[in-house]
Amino acid sequence: MNFFSTTKTLGILGGGQLGKMLLYSTRKWDIKTKVLDPSESAPCRLATDIFVQGDLTDFQTVYDFGKDVDVLTIEIEKVNVNALEKLQQEGVTVYPQPQILKTIQNKCLQKKFYQDNNIPSASFEEFDSINALKEKVLKGDLSYPFVWKSAEMGYDGYGVSIVRSNKELEELNPGHCLIEEIVKFKKELSVIVCRRPQGEMVNYPVVESEFHPIANQVEYVLCPARISTKAAKNAVEIALKTAEAYGQIGLLAVELFLISDEEILVNEVAPRPHNSGHFTMEASYTCQFEQHLRAILDLPLGKTDSKTAGVMVNLVGADGYAGPVNYKNIDQILAIDGVIPHIYGKKETRPFRKMGHVTVINPELSIARRIAEKVKDILLVIAK
Ligand code: ADP
């Protein structure tokens, strides 16, 4: 199927920043796109050929949207999978495959998948409701602290808590959940793998994430990760095994906990372009968005090597500000060599809302990391 300057259409579920950046690559190749998003001011709105406003979780909306596209992909996992299954049965090519999305949408199913496929992951226990969990604690069969994860509600850490007391247990959401042992990791790593329909796979170098101490959100992503060659080799091996086990077509971001050079656990995966791959836009030979397109359109995969070291800084709304956004001092960071800001186009800022990111490239990773911190200090995401 040839999508280059034809009427063939790529459908994208979700019109946020990941979709917007995917559209940079579809525009580069003159590929026709159609995007579905609930917000009339979605970041994708300006760059897509056809924009449809609608609920991504509604069966009929997703089905109607997907009926006339040739290939359908996602930029967010929370979409109606039943509609995707029906579309797939009716001949629409859907990548990632709906059954993979179904597993990933539910953290309990995802954890069982790792168990069934001998993929190392933190030990866990599933609970139908919070009451069942409380009962276990009351009986003395479970002691604090532990990690609680909502089965279906989470994103960016919102459905995850470390529970240390009865009071914290009382504050959790009521539904289906799991608990995990607290993993004492040295670093959080990520490997982005990309797989073509016939199984050919490539991977980007291992990256490490540094977290904001209060918001528990990723603040910096460094490529390459500052880990031993052995740890990097093991991380890549697990990531490839995971992508192979899922049979994923397109990108799969594999988030990992590094415990030691020999012991690495899979935390979770995302079957789409990922925040930990934004550095590829400037630091790699092939950016993750183009790579995803190559895979889902069954085209040769691009080289994943880095041209230079890179650090990505997430730009989130400053604490204490809500309202129309103001990127204060952005002119100052543009005066620094190798600093490339990306603004997602969300008009309103809120504390810790992802508003953009900045890539810092430099031949020396340590220098890039230092500049990244400077960028974070200078550029303020506040309200007007
Ligand atoms: P989300 O899907 O919302 O991103 P994650 O499962 O990735 O949630 O968890 C968010 C963060 O919580 C992780 O990046 C990690 O810092 C921490 N975390 C998750 N599971 C564990 C665990 N078992 N032990 C220690 N920390 C954990």
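Let me begin by describing the structure that accompanies this report. (Residues numbered from 1 in each chain as written. Predicted model: local features only at pLDDT ≥ 70, side-chain atom pairs only at ≥ 80, totals over all residues. Heavy atoms only, no water.)

A short note on the overall build of the protein chain
And then number 1: Along the protein chain, the regular secondary structure elements total twelve helices and 21 strands.
And then number 2: What you see for the protein chain is a C-alpha radius of gyration of 21 Å, in line with the 21 Å of a compact globule of 384 residues.
And then number 3: The principal-axis extent of the C-alpha atoms belonging to the protein chain is close to 65 × 50 × 45 Å.
And then number 4: Here the protein chain, with 384 residues, has 55% of them falling under the buried criterion.
And then number 5: Residue pairs at least 24 apart in sequence account for 62% of intrachain contacts in the protein chain once pairs closer than 6 positions are excluded.
And then number 6: Only carbon and sulfur atoms are counted for the fraction: they give 49% of the accessible area of the protein chain, which is about 17,000 Å². (Helix = DSSP H or I, 4+ residues; strand = E, 2+ residues; numbered from the N terminus. Rg over C-alpha atoms; globule rule 2.2 N^0.38 Å. Buried < 20%, exposed > 50% of the residue type's maximum accessible area, 1.4 Å probe, protein only. Contact = heavy atoms within 4.5 Å. Areas by Shrake-Rupley, 256 points an atom, 1.4 Å probe, with all protein chains shown as cover.)

Description of the sheet that holds strand S7 (residues 146-150)
And then number 1: The four strands are arranged S6-S9-S7-S8 in an open sheet whose pairing can be described as antiparallel. At either end of the open sheet lies a strand with only one pairing partner, and these are strand S6 (124-127) and strand S8 (160-163). Each strand of the sheet is rotated relative to its neighbour by a mean of 25°, with strand direction disregarded.
And then number 2: Looking at chain direction, S7 and S8 are connected through four bridges and run antiparallel. Residue Lys149 lies in a different strand from S8, and its bridge partner there is Val160.
And then number 3: Here helix H5 (residues 107-116) sits on the sheet and contacts S6, S7, S8 and strand S9 (177-180); the angle it forms with S6, its principal contact strand, is near 145°. (Pairing = 2+ DSSP bridges. Axes fitted to C-alpha atoms, helices over the stretch in contact; angles between N-to-C directions.)

Observations concerning the packing of H5 against helix H8 (residues 229-246)
And then number 1: It is the contact of H5 with H8, at a shortest axis distance of 11 Å, that shows an interaxial angle of 105°. By the criterion of interaxial angle, the relationship of H5 to H8 is roughly perpendicular. Residue-level inspection shows Gln110, Phe113 and Tyr114 of H5 in contact with H8, the latter providing Thr242, Ala245 and Tyr246.
And then number 2: Along the lines of polarity and charge, the residues of the contact of H5 with H8 split into four nonpolar, two polar and no charged. (Parallel < 35°, antiparallel > 145°, perpendicular 65-115°, else oblique. Nonpolar A, V, L, I, M, F, W, Y, C, P; charged D, E, K, R; others polar.)

Examining the pattern of salt bridges
And then number 1: Inspection of every chain in the model, using the stated rule, returns 25 salt bridges.
And then number 2: Residues Lys107 and Glu268 are paired through a salt bridge, measuring 3.0 Å at the closest nitrogen-oxygen approach. Residue Lys107 is found in helix H5, and its partner Glu268 is found in strand S15 (residues 264-270); the two are separated by 161 residues along the sequence.
And then number 3: The shortest N-O distance in the salt bridge between Lys134 and Glu170 comes to 3.3 Å. Of the two residues, Lys134 sits in helix H6 (residues 130-138) while Glu170 sits in helix H7 (residues 166-170), which places them 36 residues apart along the sequence. (Salt bridge = Lys/Arg side-chain N within 4 Å of Asp/Glu carboxyl O.)

Things to note about the sheet that holds strand S17 (residues 323-328)
And then number 1: If you walk across this open sheet you meet the three strands as S19-S17-S21, and the pairing is antiparallel. With partners counted over all chains shown, the strands left at the sheet margins are strand S19 (348-349) and strand S21 (380-383), one partner each.

Considering H8
And then number 1: Its 18 residues place the ends of H8 26 Å apart at the C-alpha level, agreeing with the 26 Å of an ideal helix rising 1.5 Å per residue.
And then number 2: Of all the residues in H8, the buried ones are Ala231, Asn234, Ala235, Val236, Ile238, Ala239, Thr242, Ala243 and Tyr246.
And then number 3: In this fold, the buried residues of H8 make contact with helix H4 (98-105), H5, strand S10 (187-195), strand S11 (201-203), strand S14 (250-258) and S15. (Expected span 1.5 Å × (residues − 1).)

Description of the packing of helix H2 (residues 59-66) against helix H3 (residues 81-89)
And then number 1: Two numbers describe how H2 lies on H3: the axes approach to 8 Å, and their chain directions differ by 35°. The way H2 lies across H3 gives a crossing that is right-handed. Contact residues: Phe59, Val62, Tyr63 and Gly66 in H2; Asn82, Ala83, Leu84, Lys86 and Leu87 in H3. (Left-handed = near helix turned anticlockwise from the far one by under 90°.)

Section: the environment of His212
And then number 1: As for its placement among the helices and strands, His212 is situated in the loop between strand S12 (207-211) and strand S13 (218-223).
And then number 2: For His212, a relative accessible area of 21% corresponds to the partly exposed category.

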